[in-house]
Amino acid sequence: VQLQASGGGLVQAGGSLSLSCAASGRTSSSYATGWFRQAPGKEREFVAAITWSGGMTDYADSVKGRFTISRDNAKKTVYLQMNSLKPEDTAVYYCASRIVYSDSLSDMFEYAFWGQGTLVTVSS
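Residues numbered from 1 in each chain as written. Predicted model: local features only at pLDDT ≥ 70, side-chain atom pairs only at ≥ 80, totals over all residues. Heavy atoms only, no water.

Further remarks concern the packing of aromatic side chains. On inspection of all chains with the given rule, the structure shows 4 aromatic pairs. With centroids separated by 5.6 Å and ring planes inclined at 70 degrees, the aromatic side chains of F36 and F46 adopt a geometry described as edge-to-face. Linking F36 in strand β4 (residues 32-38) with F46 in strand β5 (residues 45-51), this pair joins segments that are 10 residues apart in sequence. When its relative accessible area of 13% is taken as the criterion, F46 is described as buried. Three or more aromatic residues link up through ring pairs in this structure, and these residues are F36, F46, Y111 and W114. One cation-aromatic arrangement involves R44 over Y94; the distance from NZ or CZ to the ring centre is 3.8 Å. Over the face of the ring belonging to Y111 we find R98, whose NZ or CZ atom lies 5.2 Å from the ring centre. (Phe/Tyr/Trp six-rings, centres within 6.5 Å; stacked < 30°, edge-to-face > 60°. Helix = DSSP H or I, 4+ residues; strand = E, 2+ residues; numbered from the N terminus. Buried < 20%, exposed > 50% of the residue type's maximum accessible area, 1.4 Å probe, protein only. Lys NZ or Arg CZ within 6 Å of the ring centre and 35° of its normal.)

Next comes the structure, spelled out in structure tokens:
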């Protein structure tokens with residue numbers, strides 16, 4: 001599975017951005033796709049994830065109510081709509097896919113396929 005993330009950029013606090021993650025290759029084996037982020041000097045952390053079948057979602061507490069993850073099965077693309085952005089949302093955002101089934105979607109180590117990151121910068 002190959003993943004291509006796009007949509008990052010610079011936005012003022014309170015603004016919105018939408019990220020896209022397009023999948024290609026053996027996507028039929030993919031169970032879920034998620035977004036993770038890594039801020040300078042910090043560890044990579046879970047943001048949101050969605051299953052391809054059933055559309056089950058999970059969000060980090062820090063983004064609940066502000067971010068929405070969705071998918072388009074026909075386009076093999078996952079989206080992350082980010083609203084009410086805060087300076088602390090500044091990070092490189094990565095999308096990743098997993099084939100492992102689990103009730104929890106937030107475990108980074110369950111994700112085997114990773115795309116390149118896209119930088120999101122939120123100015124105050």
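After that view, the rundown keeps rolling.
Moving on, we get to the sheet that holds strand β1 (residues 2-6). In space, the 4 strands of this open sheet follow the order β1-β3-β8-β7, with antiparallel pairing throughout. With partners counted over all chains shown, the strands left at the sheet margins are β1 and β7 (67-72), one partner each. Neighbour-to-neighbour, the strand axes of the sheet open up by a mean angle of 15 degrees, direction not taken into account. Here 6 bridges tie strand β3 (residues 17-24) to strand β8 (residues 77-82), and the two strands are oriented antiparallel to one another. Bridge pairing in β8 links L17 to M82. (Pairing = 2+ DSSP bridges. Axes fitted to C-alpha atoms, helices over the stretch in contact; angles between N-to-C directions.)

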